[in-house]
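# Observations on the model geometry
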Amino acid sequence: MRYRIQLVKTAAVALGLALASHAAVAQEQIGAFTAFIGKPDMTNDKGATLSEPWRVLSQDRTNFHRFGVSQPGDQWDPFFGSSQSRKSLQNLVARGDVSSKAANRLKSGGIILVRVLGQGGKPTAINISVP
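So, here's what we can say about the structure. Just so it is clear, the structure is predicted and the values come from calculations on it, not from any experiment. (Residues numbered from 1 in each chain as written. Predicted model: local features only at pLDDT ≥ 70, side-chain atom pairs only at ≥ 80, totals over all residues. Heavy atoms only, no water.)

## Let's talk about the sheet that holds strand S4 (residues 122-129)
With mixed pairing, the four strands of this open sheet are ordered in space as S1-S3-S4-S2. In the strand order of this sheet, the two ends are held by strand S1 (28-37) and strand S2 (97-98), each with one partner. Note that S2 and S4 share two bridges and pair parallel. Directly across from Asp97, in S4, lies its bridge partner Asn127. Where helix H2 (residues 53-65) meets the sheet, it contacts S1, S2, strand S3 (110-119) and S4, and its direction lies at approximately 80° from that of S1. (Pairing = 2+ DSSP bridges. Helix = DSSP H or I, 4+ residues; strand = E, 2+ residues; numbered from the N terminus. Contact = heavy atoms within 4.5 Å. Axes fitted to C-alpha atoms, helices over the stretch in contact; angles between N-to-C directions.)

In structure tokens form, the structure reads like this:
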């Protein structure tokens, strides 16, 4: 009986590891772009200072795609051209990672590198770092 219980536990752990590794492999980098974070990107349309990384990135992409405000270092991206897609940035950043250097640049300005992870061309997470 003990042998069967141990066998079931081992099989459950193996299945869990297999599923976890499959999920990790399934998410891949589907795109990347650089963004220059400048003063127009760090405040909203009412002049309030933005502090959360996803809000600053969203404002940068809004300025770039909607208002045509481009600064040296800003690159086009195929993901955040619509207001609907920019609304997903909070969840994408939460599922990804923001390096400490990138977090500082999102507060003080400078170039960041945004890696978009996903499956089948659909973004599922964002990693933000310094190039």
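## Considering the packing of aromatic side chains
Going through the model one piece at a time under the given rule, you end up with two aromatic pairs. Aromatic side chains Phe79 and Phe80 sit 6.0 Å apart centroid to centroid with 50° between the ring planes, which places their arrangement in the tilted category. Taken as a pair, Phe79 and Phe80 share a single burial class, namely buried. Cluster of aromatic residues (ring-pair linked, three or more members): Phe33, Phe79 and Phe80. In this structure, Arg61 packs its charged tip against the face of Phe64, placed 4.7 Å from the ring centre. (Phe/Tyr/Trp six-rings, centres within 6.5 Å; stacked < 30°, edge-to-face > 60°. Buried < 20%, exposed > 50% of the residue type's maximum accessible area, 1.4 Å probe, protein only. Lys NZ or Arg CZ within 6 Å of the ring centre and 35° of its normal.)

## Side note on the nonpolar core
Across soluble globular proteins, nonpolar side chains show a tendency to be buried alongside one another. In terms of nonpolar packing, the biggest core is built from 20 residues, with Ile37, Leu57, Phe80, Ile112, Val114, Ile126 and Ile128 touching the most fellow members. Filtering out sequence-adjacent residues up to four positions away, Leu57 remains in contact with Leu89, Leu106, Ile112, Val114, Ile126 and Ile128. (Core = buried A, V, L, I, M, F, W, Y, C linked by side-chain atoms within 4.5 Å.)

## So, the layout of surface pockets
Roughly 390 Å³ of internal volume is contained in the largest pocket. For the lining of the largest pocket, the secondary structure elements donating two or more residues are H2 and helix H3 (83-87). Of the residues forming the lining of the largest pocket, the biggest block, six residues, is contributed by H2. When grouped by side-chain class, the residues that make up the lining of the largest pocket number three nonpolar, six polar and six charged. (1 Å grid on protein atoms, 1.4 Å probe; cavity = no way out; pocket = protein on both sides within 12 Å on 5 of 7 lines; lining within 4 Å. Points joined across faces, edges and corners; volume = space filled by probe spheres on them. Nonpolar A, V, L, I, M, F, W, Y, C, P; charged D, E, K, R; others polar.)

## A word on the environment of Phe36
Structurally, the position occupied by Phe36 is in strand S1. Given the relative accessible area of 26%, Phe36 is considered partly exposed. Sequence spacing of Phe36 and Gln75 is 39 residues, and the spatial spacing of their C-alpha atoms is 8.5 Å.

## Here we look at the pairing of S3
Taking burial as the measure, the 10 residues of S3 include seven buried ones, the bulk of the element. Taken together, the nine bridges between S1 and S3 define a ladder with antiparallel strand orientation. Opposite Thr34, over in S3, you have Leu113 as the bridge partner. Bridge analysis of S3 against S4 gives seven bridges, and the strand direction is antiparallel.

Fair warning: the whole summary comes from geometry, so function is off the table for now.
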